[in-house]
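Summary of structural features
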Amino acid sequence: MRKISLENIRTGMHIARSIYLDDGKILLGAGVELKDEYIERLHSFNVSEIYIDDELSQNIDVQDIIEEKTRLDAKILVRDIMLGSKSTHYFDLDKVNRMVTLILGELLNNKDVLVNLSDIKTVDDYTFSHSVNVCVLSLVTGIKLGLNMTCLRQLGVGALLHDIGKIMIPEEILKKPSKLTKNEFELIQRHTFLGYQMLKANPNIDISSAYIALGHHERYNGSGYPYQISSTNIHLYARIVAIADVYDAISSDRVYRKKIQVHKVVEYIASLGNQHFDEMIMQHFLPNIAVFPIGTSVLLNTGQKGIVVEVNSKIPAKPIVRIIYNADGTKNNKFDEVDLANSVDFVIINTCEL
């Protein structure tokens, strides 16, 4: 399978991975052959890319670091919490703890797998998918930092619920496609304090988990919000979630802008070390990211184009690439594969479309 933008899909292509709505219902299932009306449906739900199976991508398997069912169940849980607790501010913490334990168990079983957030999101379910992704990224980082199981569970609960304060922010502001006014931005900033209050009010949630909601927008140099605290005055868990939150936010489509490619997001986050983020945590975060995820089409310095078939956990920026098109634009019918980690002649210079 390979990932392809919606602008380049055509009728007759076959969907390789099911696309879900925010309530868990399938929008289009794996194996479905695309028709004009299906493509229109994808556009109407603001899906920007899908995975397809075709001759070019035979035997390429894109694996998530957690099970598809686990990711879907987690997203539905976050959705139910954020929609169901708007009036009561109550949610079932036992369900959250069980979900975090499940996610954590799968991550511990896949400790050497690079993170490839391969779920296909619609713009409308961004908040729910984002919460799950931030939880996964934060736990992977916590594992690499050597946190014990108690700390990892506290981190996971707080990461999964880090945006819960947004239930008290008007929907038209959260999804506003144009630039926010000063008052609107100040209102959105309040989601940190509102979320903290909501979590703190639950006697069964560790206060460390609640601090994540409060502090995930603080920045290491003191330029964040709500209190402009800096350095290690920011709780460790909040410093971890801060990186995961920014990574997933800018690598996802939003109502007001298109996503940025993973390799550029990695470069951006690396450039902010010890300014916005704790550099020590960042150094444990970035090596876990598949810079060029499996199924991504890439352009090499040689002018050749290909598809990433395998990632290198020791050198994430140098995967194995299946050459699809030669430098002169002709198709390479042999589909040669090049291990960039073992060749100084080949470098990925950008992603592309085939």
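Scroll up a little and you will see the structure.
Scope of this entry: the structure provided in the associated data block. (Residues numbered from 1 in each chain as written. Predicted model: local features only at pLDDT ≥ 70, side-chain atom pairs only at ≥ 80, totals over all residues. Heavy atoms only, no water.)

Things to note about the overall build of the chain
Looking only at helices and strands, the chain has twelve helices and ten strands in total. Against the 2.2 N^0.38 benchmark of 20 Å for 354 residues, the chain shows a C-alpha radius of gyration of 21 Å, consistent with a compact globule. Across its three principal directions, the C-alpha atoms of the chain cover 60 × 45 × 40 Å. For the chain, with 354 residues in total, the buried portion stands at 55%. Excluding contacts between residues fewer than 6 apart, the proportion of contacts in the chain whose partners are at least 24 apart in sequence is 65%. Positive and negative side-chain charges in the chain, numbering 38 and 44 respectively, have mean positions lying 3 Å apart. (Helix = DSSP H or I, 4+ residues; strand = E, 2+ residues; numbered from the N terminus. Rg over C-alpha atoms; globule rule 2.2 N^0.38 Å. Buried < 20%, exposed > 50% of the residue type's maximum accessible area, 1.4 Å probe, protein only. Contact = heavy atoms within 4.5 Å. Lys, Arg positive; Asp, Glu negative; His and termini not counted. Charge placed at Lys NZ, Arg CZ, Asp CG, Glu CD.)

Topic: the sheet that holds strand β1 (residues 2–5)
Strands sit in the order β1-β5-β2 across an open sheet of three strands; the sheet is antiparallel. In this open sheet, the two edge strands, each paired with only one partner strand, are β1 and β2 (14–15). When β2 meets strand β5 (residues 49–53), the two strands line up antiparallel, connected through two bridges. Following the sheet pairing, H14 is matched in β5 by D53. (Pairing = 2+ DSSP bridges.)

Quick look at the sheet that holds strand β9 (residues 337–339)
Overall, antiparallel pairing links the five strands, which are arranged β9-β8-β7-β6-β10 in an open sheet. Of all the strands in the sheet, just β9 and β10 (348–351) have a single pairing partner and so form its edges. Adjacent strand axes in the sheet meet at a mean angle of 40 degrees when their direction is disregarded. (Axes fitted to C-alpha atoms, helices over the stretch in contact; angles between N-to-C directions.)

Brief notes about the environment of Q304
Here Q304 is to be found in the loop between β6 (297–300) and β7 (305–310). Take Q304: its relative accessible area is 16%, and that puts it in the buried class. Residues Q304 and Y268 lie 36 residues apart in sequence; the distance between their C-alpha atoms is 26 Å. Those residues in contact with Q304 that sit more than four places away from it in its chain are V298, L299, I323, Y325, N326, A327 and F346. A polar atom in the side chain of Q304 sits 2.6 Å from the side chain of T302. (Polar contact = N/O pair within 3.5 Å; in protein donor to acceptor, adjacent residues only side chain to side chain.)

What about the pattern of salt bridges?
This model, assessed by the stated rule, comprises 14 salt bridges. With its nearest N and O atoms 3.5 Å apart, the salt bridge here joins K3 to E49. With K3 in strand β1 and E49 in strand β5, this pair connects stretches of sequence that are 46 residues apart. One exposure class covers both K3 and E49, and it is buried. As a salt-bridge pair, K259 and E49 come within 2.2 Å of each other at their nearest N and O atoms. In this pair, K259 is assigned in the loop between α10 (236–250) and α11 (262–271) and E49 in strand β5, connecting sequence segments 210 residues apart. The structure contains a network of salt bridges with shared partners spanning K3, E49 and K259. (Salt bridge = Lys/Arg side-chain N within 4 Å of Asp/Glu carboxyl O.)

So, the state of the cysteines
Counting across every chain of the model gives zero disulfides. The thiol of C151 is unpaired, and the distance to the nearest cysteine sulfur, on C135, comes to 15 Å. (Disulfide = S-S within 2.5 Å.)

Thoughts on helix α9 (residues 207–215)
Taking burial as the measure, the nine residues of α9 include seven buried ones, the bulk of the element. For α9, the set of buried residues is S208, S209, A210, I212, A213, L214 and G215. Buried residues belonging to α9 abut α5 (149–160), α8 (191–200) and α10. If you check the start of α9, you find a side-chain oxygen 2.8 Å away from the backbone N of S208, and it comes from D206.

Observations regarding the packing of aromatic side chains
A full pass over the atoms with the stated rule returns three aromatic pairs. On the basis of an interplanar angle of 80 degrees and a centroid distance of 6.1 Å, the ring pair of F185 and Y225 is categorised as edge-to-face. Taken as a pair, F185 in helix α7 (residues 182–189) and Y225 in the loop between α9 and α10 lie far apart in primary sequence, 40 residues in all. Judged by its relative accessible area of 40%, F185 is partly exposed. Here the aromatic rings of Y247 and F285 are separated by 5.7 Å at their centres, their planes lie at 65 degrees, and the arrangement is edge-to-face. Taken together, the residues Y247 in helix α10 and F285 in helix α12 (residues 279–285) connect sequence positions 38 residues apart. Overall, the relative accessible area of 4% leaves Y247 in the buried class. (Phe/Tyr/Trp six-rings, centres within 6.5 Å; stacked < 30°, edge-to-face > 60°.)

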